[in-house]
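What the coordinates show
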Amino acid sequence: MKKLVALTGSGISSESGLKTFRESGGLWENYDVMEVASLDGWNRDKGRVLQFYNERRAQLRNAQPNEGHKGLVELEKYFEVHIITQNVDNLHEKAGSSNVLHLHGQLTEARSTGDPGLVYNIGFNPIKLGDTCEKGFQLRPNIVWFGEAVPAIEEAAVVASTAELFVVIGTSMVVYPAAGLIDYIPRSIPVFLIDPNDVAVPVYRHVHFIREKAGAGVAQLKEILIKEYLSPQRG
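Reference entry: report on the structure contained in this document. (Residues numbered from 1 in each chain as written. Predicted model: local features only at pLDDT ≥ 70, side-chain atom pairs only at ≥ 80, totals over all residues. Heavy atoms only, no water.)

**A look at the overall build of the chain**
A tally of helices and strands in the chain yields 8 helices and 11 strands. Principal-axis analysis of the C-alpha atoms places the extent of the chain at approximately 65 × 35 × 35 Å. The burial tally for the chain puts 49% of its 235 residues in the buried class. Across the chain, every contact between residues at least 6 apart in sequence was considered, and the portion connecting residues at least 24 apart equals 63%. For the chain, the accessible area works out to roughly 11,400 Å², and carbon and sulfur atoms hold 50% of it. Computed over 24 positive and 28 negative side-chain charges, the inter-centroid distance for the chain is 2 Å. (Helix = DSSP H or I, 4+ residues; strand = E, 2+ residues; numbered from the N terminus. Buried < 20%, exposed > 50% of the residue type's maximum accessible area, 1.4 Å probe, protein only. Contact = heavy atoms within 4.5 Å. Areas by Shrake-Rupley, 256 points an atom, 1.4 Å probe, with all protein chains shown as cover. Lys, Arg positive; Asp, Glu negative; His and termini not counted. Charge placed at Lys NZ, Arg CZ, Asp CG, Glu CD.)

**Focus: the layout of surface pockets**
Here the idea is plain: a probe the size of a water molecule rolls over the atoms and shows the empty space left. Within this model, the second largest pocket holds a volume of roughly 220 Å³. Along the walls of the second largest pocket sit 15 residues, with Leu-103, Gly-105, Asn-142, Val-144 and Pro-151 positioned nearest its centre. Ranked by residue count, the leading element in the lining of the second largest pocket is strand β6 (residues 105-112), at 4 residues. Taken together, the residues that form the lining of the second largest pocket break down as 7 nonpolar, 5 polar and 3 charged. (1 Å grid on protein atoms, 1.4 Å probe; cavity = no way out; pocket = protein on both sides within 12 Å on 5 of 7 lines; lining within 4 Å. Points joined across faces, edges and corners; volume = space filled by probe spheres on them. Nonpolar A, V, L, I, M, F, W, Y, C, P; charged D, E, K, R; others polar.)

**Side note on the sheet that holds strand β9 (residues 165-169)**
A sheet is described by the order of its strands in space; here 6 strands give the open sequence β5-β4-β1-β9-β10-β11, paired in parallel fashion. The open sheet has two free edges, formed respectively by β5 (100-102) and β11 (207-210), since each of these has just one partner strand. If you compare each strand with its neighbour and ignore which way they point, the axes differ by 20° on average. Sheet topology places strand β1 (residues 3-8) next to β9; 5 bridges connect them, and they run parallel. Among the inter-strand pairings, Leu-4 is bridged to a residue of β9, identified as Leu-165. Where helix α7 (residues 153-161) meets the sheet, it contacts β1, β4 (80-85), β5 and β9, and its direction lies at approximately 145° from that of β4. (Pairing = 2+ DSSP bridges. Axes fitted to C-alpha atoms, helices over the stretch in contact; angles between N-to-C directions.)

**Looking at the sheet that holds β6**
One open sheet holds the 3 strands; their spatial order is β7-β6-β8, and the pairing between them is antiparallel. At either end of the open sheet lies a strand with only one pairing partner, and these are β7 (119-121) and β8 (139-143). Ignoring strand direction, the axes of neighbouring strands in this sheet form an average angle of 45°.

**Some thoughts on the pairing of β9**
With 5 of its 5 residues buried, β9 lies for the most part within the structure. Going residue by residue along β9, you find Leu-165, Val-167 and Ile-169 tucked away on one face and Phe-166 and Val-168 tucked away on the opposite face as well. Where β9 lies against strand β10 (residues 191-194), 4 bridges are found, and the strand directions are parallel. Bridge pairing links Phe-166 to Val-191 in β10.

Written out as structure tokens, the structure reads:
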């Protein structure tokens, strides 16, 4: 099986009803993005930050995978699919994807503010002021905020560098270091980009654009890939 690597962003989850901060002019569910997604915002008002992510976690409880997520699972019948996602939701896992790498953390996890190695699966439960790890440090969302290092980026670069097919779904390609992953993929491999909006990609890349939302776009991608890479083998 060919190795297909998909880089997914908020555009794939928006079809499941999860709002993105970029579509609301810097406000994310009525919160200023930098106040709830930065270390400075955390230091200024921990309660507000916790409330924001508690609300997102509660919203996620009822969110269901859409056709985009399900389509990527379907592709596992034909390809070795690896997903690198910028999303902090668990919809790829809910859909049944086998290989998911979260670049920016996971909403259903908490971690210690004093020992980043202490990470806890909290499901959809809230984090409150006074909730601590076993070492006594306040818990925070296990989310990579703006300005923080992305610990999983090195693993993601290795995955991208071994891709035989590369797909970009629902991401603006302006948030680094995730956007830089396209520089790690072999220059000879096909790149597909699924997004209804214009997305800037390096000029040296030949990209097959599918100008659809994720659900319809992944369905088109499946047809293209099966016809291009599997039909001759089936004879």
